[in-house]
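# Working through the structure, step by step
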Amino acid sequence: ITTGICMLAEPVGGMWVDKSGARAPITSSLIMQAVALIWVGLFFTPEMAFMELIIPLALIGVGVGIAIPACNTAGMSEIEPKQSGQASGLLQMTFNIPASFGVAVVTFVSGYISRSTPTDGITTSMLALAVVVLVGAVFTYLTLKPRADA
C-alpha cells in the first residue's frame with residue numbers, strides 16, 4: 001500500500017515542487033508522516049486488523065511520494081552539471097544511511113521494550129520516530145528558503 005501510493009504521489013510532488021520550491025512539499029510531507037506514525041503509535045494493538053492500518057500507511061505513502069522529488073530537487077538544484085553524478089550518489093547515500101540506521105534503532109528499541117508487552121515497544125518506537133520527523137519538519141521549514149517566484 002505505502003509503496004503503490006508513493007509511486008502515485010511522486011508526480012504530484014514533482015509538480016508541487018516545480019510550482020512552489022522544495023520547502024512546502026518537504027515540510028508538509030514530514031508532517032503527514034509524523035501524523036501517521038503518531039496514529040500507529042497511539043492506536044496499534046496486536047489484534048488490529050490490516051484494514052485499520054490502511055489510512056496511516058496511505059498517509060506515509062503520500063508523504064514519501066511528495067518528499068522524494070522535493071528532496072531530490074532541493075539537493076540537486078545548486079549543483080553544477082559537471083558535478084551532478086557525484087552529487088546524485090551523495091544524495092542517495094544521505095537517504096540510505098539514515099534509513100538503515102533508523103531501522104536498526106527502531107528494531108532495537110521495539111525489541112528491548114517489547115520484552116514486557118509487544119505494544120509498548122511499537123508505541124514507543126512510533127512516537128519517538130514521530131518526534132524525530134517533526135524535528136525534521138521544523139528544521140526544513142527554518143532552513144530551506146521559499147522560492148522567490150512562488
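Look a little higher up for the structure.
The text that follows walks through the structure, step by step, so that each part is easy to find. Just so we're clear, the structure is a prediction, and the values are computed from it rather than from any experiment.

A few words now on the overall build of the protein. Across its full length, the protein holds 5 helices and 0 strands. The order of helices and strands in the protein, counted from the N terminus, is α-α-α-α-α. C-alpha extents for the protein along the principal axes are approximately 55 × 25 × 25 Å. Across the 150 residues in the protein, those meeting the buried criterion constitute 29%. Put simply, of all contacts in the protein between residues at least 6 apart along the chain, 72% involve residues at least 24 apart. As displayed, the protein has an accessible area near 9,200 Å², and 72% of this comes from carbon and sulfur atoms.

We now examine the packing of helix α3 (residues 54-76) against helix α4 (residues 84-113). Running from N to C, α3 and α4 cross one another at 135 degrees; their axes reach a closest spacing of 10 Å. The orientation of α3 relative to α4 falls into the category oblique. Crossing handedness for the pair α3 and α4: right-handed. Each of C71, N72, G75 and M76 in α3 lies in contact with α4, whose residues at this interface are S84, A87, S88, L91, Q92 and F95. Among the residues making up the contact of α3 with α4, the classes are represented as 5 nonpolar, 5 polar and no charged.

Counted according to the given criterion, the structure contains 0 aromatic pairs. In this arrangement the basic side chain of R23 is found over the ring face of Y141, its NZ or CZ atom lying 3.7 Å from the centre.

Turning our attention to the state of the cysteines. What the rule picks out here adds up to 0 disulfides. The thiol of C6 is not disulfide-bonded; the next cysteine sulfur, from C71, is found 11 Å away. For C6, a relative accessible area of 9% translates into the label buried.

What counts and how
- Residues numbered from 1 in each chain as written.
- Predicted model: local features only at pLDDT ≥ 70, side-chain atom pairs only at ≥ 80, totals over all residues.
- Heavy atoms only, no water.
- Helix = DSSP H or I, 4+ residues; strand = E, 2+ residues; numbered from the N terminus.
- Buried < 20%, exposed > 50% of the residue type's maximum accessible area, 1.4 Å probe, protein only.
- Contact = heavy atoms within 4.5 Å.
- Areas by Shrake-Rupley, 256 points an atom, 1.4 Å probe, with all protein chains shown as cover.
- Axes fitted to C-alpha atoms, helices over the stretch in contact; angles between N-to-C directions.
- Parallel < 35°, antiparallel > 145°, perpendicular 65-115°, else oblique.
- Left-handed = near helix turned anticlockwise from the far one by under 90°.
- Nonpolar A, V, L, I, M, F, W, Y, C, P; charged D, E, K, R; others polar.
- Phe/Tyr/Trp six-rings, centres within 6.5 Å; stacked < 30°, edge-to-face > 60°.
- Lys NZ or Arg CZ within 6 Å of the ring centre and 35° of its normal.
- Disulfide = S-S within 2.5 Å.

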